[in-house]
Amino acid sequence: MDPPYLTVFCCFSVLAWGFELYLSLRQRARLLQNEDPHPLIELTKEEYKASRRYSLEKNAFNILSEAVNTFASITFFLMNGMHWLWEVSKVITKFAGLSENEIAVSLVFVFIFYLKGTIEGIPWELYEVFVIEETHGFNKQSLGLWIRDQAVTHLLVIVIGGPVLACSLYIMIWTGPNFYLYLWAFTTVVVFFMISIYPHAIAPLFNTFTLLESGSLKTAIDALAARNGFPLKEVYVVDGSLRSSHSNAYFYGFGRNKRIVLYDTLSPALHRQAHPEADEKEAAAEAREAAAAGEAAAASGCSDEEIVAILGHELGHWRLRHTMLQLAVAEAHLLVFFAAFGAMTRAPGMYRSFGFASETPVMVGLLVFGCVASPVEHLVAFAQNCLTRHFEYQADGFAAAQGLGSLLQQGLRKISRDNKSNPDPDPWYSAYHHTHPSLLERLRALSPADKPKQS
């Protein structure tokens, strides 16, 4: 008698959904508490209320979407949806006059599966972008730009993902029982290749990157890089405000070829540089609006010194080799996953449990194994999350050791305020869902005198 793979998957899906619902309800109860913000956060009551309203709306949205998606997924599998899609793929392959070998049918199958997920996700994404983000002042993109982004994204998935998937299928089918080693080596090469070309060939399809102009900020960033031996080549400003007013900064590049990217939403000066096409009337209007808003407008965005402190945190990730360690952990996890899948390909009961009585197509097996392994994958994801949060504390400590602790605290406060981030979420919810510690947790770590005393 075959093990009940499908039953176990469905039961775990319900349990995982129930646990995440419990965490979301804890978070919601925390948000509904009518408390003043912690003094370390330095938010006004109105700013704190705005942050909570945004978080509450996202919380309700996530509760609904997760419930619908979880039970839609369970229904799909219980109705043998995978087998039905496979049979449809064979019919389409034959109708199109393509070779009916496993690779051709698998490519059609994955395309239909991807199309299904895309169609299911469109209503949720439209509501999140054009209702929630729009209501709270973050969305800056038009529906036309959103459609254009979707078209480019899906085209890239087909053009790049199609050949990669075909090669992966060939490796799994033709390289024997040790295929997982070859598959892992191939995917590792693909990962490094994509990391290399993304900033130069893919990211510019969505945003415009301009060199940071000479000035006090550029001089301070160069000095920070030189002081830490960071092999900085260029500093770019990206027009992130084209789509959203959320802020960010990051670096990329291998070896001695590093580049830093600053979102134009980090400060008004960066925004002006990223949008030089703005005419004088528009600039004058913005100046009048800022003057009319008084000190609140003046405080919007980060100062040059605070941006440098934030970059000190990012350089901490480089100096402490966090990026390479995370990549190594991800590659080790991928190897173990492929090896476990290799062992399960010799378990036809796994296929039968999902509706495949006689066929054992390898692509279906990979997707089914992902379902079967989901309990372990949840634990792995949580462990990786904990590691990432630990690295964030270390990077903050690195910036503080550079004498940037106070400026980093101010920069984090401003970014959190401008993004309406929840500065003090439920600790269980944050530990499970968030890759970064909360603002209050980071401020406490950067302010030893304010750390809660251990009883």
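This one's a predicted model, so the numbers in the text were calculated from it and none came from an experiment. (Residues numbered from 1 in each chain as written. Predicted model: local features only at pLDDT ≥ 70, side-chain atom pairs only at ≥ 80, totals over all residues. Heavy atoms only, no water.)

## Re the nonpolar core
Core analysis: the biggest nonpolar cluster contains 38 residues, and Phe77, Met82 and Met172 have the highest contact counts within it. The dominant element in this core, judged by the number of residues it contributes, is helix α14 (residues 362-372), at 7 residues. Apart from the residues within four sequence positions on either side, Met172 is in contact with Phe179, Leu183, Phe341, Val362 and Leu366. Of all hydrophobic cores here, the second largest spans 37 residues; its members include Phe230, Val237, Ile260 and Ala274. (Core = buried A, V, L, I, M, F, W, Y, C linked by side-chain atoms within 4.5 Å. Buried < 20%, exposed > 50% of the residue type's maximum accessible area, 1.4 Å probe, protein only. Helix = DSSP H or I, 4+ residues; strand = E, 2+ residues; numbered from the N terminus. Contact = heavy atoms within 4.5 Å.)

## Some remarks on the pattern of salt bridges
Note that side chains of opposite charge can pair when their charged atoms are close. Tallied over the entire structure, the rule returns 14 salt bridges. A salt bridge links Arg26 to Asp426, with the nearest nitrogen and oxygen atoms 2.9 Å apart. Remark: Asp426 occurs in the loop between α15 (374-418) and α16 (427-433) and Arg26 occurs in helix α1 (residues 5-32); sequence separation between them is 400 residues. Overall, the relative accessible area of 25% leaves Arg26 in the partly exposed class. Asp149 is paired through a salt bridge with Arg243; the nearest N and O atoms lie 2.5 Å apart. Pair noted here: Asp149 is in helix α5 (residues 143-174) and Arg243 is in the loop between β2 (232-238) and β3 (249-252), with a separation of 94 residues, a long-range link. (Salt bridge = Lys/Arg side-chain N within 4 Å of Asp/Glu carboxyl O.)

## Comments concerning the pairing of β3
Sheet topology note: the β3/strand β4 (residues 258-263) ladder contains 4 bridges and is antiparallel. Paired with Ala249 across the strands is Leu262, a residue of β4. Linking β3 back to β4 in an antiparallel pair, the connection comprises 5 residues, with Gly253 at a positive phi of about 120°. (Pairing = 2+ DSSP bridges.)

## Focus: the environment of Glu42
Structurally, Glu42 is set in the loop between α1 and α2 (45-78). Along the backbone, Glu42 and Gly240 are 198 residues apart, and their C-alpha atoms lie at a distance of 26 Å. Discounting residues that sit within four places of it in the chain, Glu42 has contacts with Glu47, Gln410 and Arg413.

## A word on unusual backbone geometry
We note that Glu42 has phi near 60°; this positive angle belongs to a residue other than glycine. Although it is not a glycine, Arg321 sits at a positive phi angle of roughly 60°. Looking at the secondary structure, you find Arg321 in the loop between α11 (304-319) and α12 (322-344).

## What to know about the side chain of Glu306
Mapped onto the fold, Glu306 is located in helix α11. The residues contacting Glu306, other than those within four sequence positions of it, are Gly301, Leu407, Gln410, Gly411 and Lys414.

## With respect to the state of the cysteines
The term disulfide refers to a covalent linkage connecting the sulfur atoms of a pair of cysteines. Taken as a whole and judged by the stated rule, the model has 0 disulfides. Unpaired in this structure, Cys371 has its nearest cysteine sulfur neighbour in Cys10, at a distance of 8.8 Å. Classification of Cys371 by relative accessible area gives buried; the value is 10%. (Disulfide = S-S within 2.5 Å.)

## So, the packing of α5 against helix α6 (residues 179-202)
Pairs of packed helices are described in terms of their axes, by the angle between the two and the distance that separates them. Interhelical geometry of α5 versus α6 gives an angle of 165° and a closest axis separation of 9 Å. In terms of orientation, α5 lies roughly antiparallel with respect to α6. Here α5 runs over α6; the crossing is right-handed. Contact with α5, carried on its side by Leu156, Ile160, Val164, Cys167, Ser168, Ile171 and Met172, involves Phe179, Tyr182, Leu183, Phe186, Val190, Met194 and Ile202 of α6 and no other residues of that element. (Axes fitted to C-alpha atoms, helices over the stretch in contact; angles between N-to-C directions. Parallel < 35°, antiparallel > 145°, perpendicular 65-115°, else oblique. Left-handed = near helix turned anticlockwise from the far one by under 90°.)

## A look at the environment of Gln150
Its place among the elements puts Gln150 in helix α5. With a relative accessible area of 16%, Gln150 lands in the buried category. Sequence separation between Gln150 and Ile122 is 28 residues; the distance between their C-alpha atoms is 9.8 Å. Within the structure, the side chain of Gln150 is placed 3.3 Å from the side chain of Glu125, a separation counted as a polar contact. (Polar contact = N/O pair within 3.5 Å; in protein donor to acceptor, adjacent residues only side chain to side chain.)

## Some remarks on the packing of aromatic side chains
Under the defined criterion, the tally for this structure stands at 23 aromatic pairs. The interplanar angle of 75° and the centroid separation of 5.8 Å between the aromatic rings of Phe61 and Trp124 together place this pair among those described as edge-to-face. Pair noted here: Phe61 is in helix α2 and Trp124 is in helix α4 (residues 102-135), with a separation of 63 residues, a long-range link. On the basis of an interplanar angle of 10° and a centroid distance of 5.9 Å, the ring pair of Phe61 and Tyr127 is categorised as stacked. (Phe/Tyr/Trp six-rings, centres within 6.5 Å; stacked < 30°, edge-to-face > 60°.)

## Here's the deal with the packing of α4 against α14
In the contact formed by α4 and α14, the axes pass within 9 Å of each other and the chain directions differ by 40°. Here α4 is positioned oblique relative to α14, judged by the angle of their axes. Packed against α4, whose contacting residues are Glu102, Ser106, Phe109, Val110 and Phe113, the element α14 presents Val362, Met363, Val364 and Leu367 at the interface. Grouping the constituent residues of the contact of α4 with α14 by class yields 7 nonpolar, 1 polar and 1 charged. (Nonpolar A, V, L, I, M, F, W, Y, C, P; charged D, E, K, R; others polar.)

## Points about the sheet that holds strand β1 (residues 209-211)
On the basis of which strands lie adjacent, the open sheet formed by 4 strands has the order β1-β2-β4-β3 and mixed pairing. The strands lining the two open edges of the sheet, one partner per strand, are β1 and β3. Neighbouring strand axes in the sheet, compared pairwise and without regard to direction, differ in orientation by 30° on average. With 6 bridges joining them, β2 and β4 adopt parallel strand pairing. Pairing of Val238 across the sheet is with Tyr263, part of β4. Each of β2 and β4 touches helix α7 (residues 216-228); the most contacted strand, β2, lies at about 140° to it.

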